[in-house]
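For reference, the chains in residue letters:
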Amino acid sequence: MKHQQILVVDDDPQACEYLALLLRREDYGVRTASNGLEPVLAIEAATPDLVVSDLRMPVLDGFELLLHAKARWPDLPVIVLSVVEEIEAIVDAVQQGAANYVLKPA
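What counts and what doesn't
- Here the residue numbering is sequential within each chain, running from 1 through the sequence in written order.
- Reporting of local features is limited, given that this is a predicted model, to residues whose pLDDT is at least 70; pairs of side-chain atoms are given and counted only at 80 or more, and all residues count toward the totals for whole chains, interfaces and linings.
- Excluded from the side-chain calculation are hydrogens and water; included are all heavy atoms of the structure.
- Every helix listed is a DSSP run of H or I at least four residues long, and every strand listed is a run of E at least two residues long, numbered separately from the N terminus.
- Radius of gyration: over C-alpha atoms. The globule rule applied is 2.2 Å multiplied by the number of residues raised to the 0.38 power.
- Buried residues are those whose accessible area, probed at 1.4 Å on protein chains only, stays under 20% of the maximum for their type, while exposed residues exceed 50% and partly exposed ones sit between those limits.
- Whether two residues touch is decided by their heavy atoms; if any such pair falls within 4.5 Å, the residues are in contact.
- Method for areas: the Shrake-Rupley scheme with a 1.4 Å probe, in which residue coverage is limited to the protein chains shown.
- Only four residue types enter the charge count, namely Lys and Arg as positive and Asp and Glu as negative; His and the chain termini do not.
- Think of each charge as sitting on NZ of Lys, CZ of Arg, CG of Asp or CD of Glu.
- An expected span of 1.5 Å times one less than the residue number is assigned to each helix.
- Relevant arc is that of directions from the helix axis to the C-beta atoms, nothing else.
- As used in this structure description, the phrase polar contact means that two N or O atoms lie within 3.5 Å; if the pair is within protein, one of them must be able to donate a hydrogen and the other to accept it, and residues adjacent in sequence are counted only when both atoms belong to side chains.
- Every axis corresponds to a line fitted to the C-alpha atoms, with the helix fit spanning only the stretch in contact, and the corresponding angles, defined between N-to-C directions, vary from 0 to 180 degrees.
- Note on angle classes: values under 35 degrees are labelled roughly parallel, values over 145 roughly antiparallel, values of 65 to 115 roughly perpendicular, and the remainder oblique.
- Should the near helix be turned anticlockwise from the far one by less than a right angle, the crossing is left-handed, and should it be turned clockwise, the crossing is right-handed.
- Put simply, Ala, Val, Leu, Ile, Met, Phe, Trp, Tyr, Cys and Pro go in the nonpolar bin, Asp, Glu, Lys and Arg in the charged bin, and everything else, Gly too, in the polar bin.

Engineer: Go over the overall build of the chain with me, naming the residues and quoting the values.
Structural biologist: Tallying secondary structure elements over the chain gives four helices and five strands in all. Put simply, the chain runs from its N terminus to its C terminus through helices and strands in the order β-α-β-α-β-α-β-α-β. Relative to its length of 106 residues, the chain is compact, with a C-alpha radius of gyration of 13 Å against a globular reference of 13 Å. C-alpha extents for the chain along the principal axes are approximately 40 × 30 × 25 Å. Across the 106 residues that make up the chain, the buried fraction comes to 42%. Here the contacts in the chain between residues at least 6 apart in sequence split such that 59% fall between residues at least 24 apart. For the chain, the exposed area adds up to about 6,100 Å²; of that, 54% sits on carbon and sulfur atoms. If the 8 positive side-chain charges of the chain are averaged to one point and the 17 negative ones to another, these points end up 7 Å apart.

Given below as structure tokens:
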């Protein structure tokens, strides 16, 4: 049976690796990426089954990644990670196509 592949995107390397570790323990295939074009190139190289992305990152933030992913891969589910203080941003992300959101710390 093929394992589901998840791309975890976060500019905080420790947060990214921690979430990746938790998902691997649940038997998911996990790749990680930081901000900028790295997650877009990772999706292009091998489209995952799910993207889990931090919302606030420098260069290319999670909201911009969500918009790009939905335009290019409309069926790719994207879950955004955010802190409680960003409720309006979370609502915007869900309205723009995020599959769901998770409040940090996850």
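Engineer: Let's hear about helix α1 (residues 13-25): which residues, and what values?
Structural biologist: If you check α1, its first and last C-alpha atoms are 18 Å apart, about what 13 residues at 1.5 Å a residue would give, namely 18 Å. If you check which residues of α1 are buried, you get C16, L19, A20 and L23. Each buried residue of α1 lies within a common arc of 100° when the element is viewed along its axis, so the set occupies one face. Along α1, the residues that are exposed and aim more than 90 degrees away from the buried face are Q14 and R25. Where α1 begins, one side-chain oxygen reaches toward the backbone nitrogen of Q14, 3.0 Å away; that side chain belongs to D12. Count one or two residues on from α1 and you reach D27, which has phi positive near 75°.

Engineer: So what about unusual backbone geometry? Which residues, and what values?
Structural biologist: Phi at D27 is positive, roughly 75°, even though this residue is not glycine. Its place among the elements puts D27 in the loop between α1 and β2 (29-33). In this structure, V59 is a non-glycine residue whose phi angle is positive, near 70°. Take V59: it is sitting in the loop between β3 (50-54) and α3 (62-72).

Engineer: How would you sum up the packing of helix α2 (residues 38-45) against α3? Please name residues and give values.
Structural biologist: Two numbers describe how α2 lies on α3: the axes approach to 10 Å, and their chain directions differ by 25°. In terms of orientation, α2 and α3 fall into the roughly parallel class. The crossing of α2 and α3 is right-handed. In this structure, α2 contributes P39, V40, I43 and E44 to the contact, and α3 contributes L65, H68 and R72. Among the residues forming the contact of α2 with α3, the class breakdown is four nonpolar, one polar and two charged.

Engineer: Describe α3, naming the residues involved and giving the relevant values.
Structural biologist: When α3 is considered as a whole, its buried residues turn out to be G62, L65, L66 and A69. Down the axis of α3, the buried set is contained in an arc of 100°. They therefore lie on one face. Of the surrounding secondary structure, the elements contacted by the buried residues of α3 are β1 (5-9), α2, β3, β4 (78-82) and α4 (87-95). Of the residues flanking the start of α3, the one acting as N-cap is D61, its side-chain oxygen 3.1 Å from the backbone nitrogen of F63.

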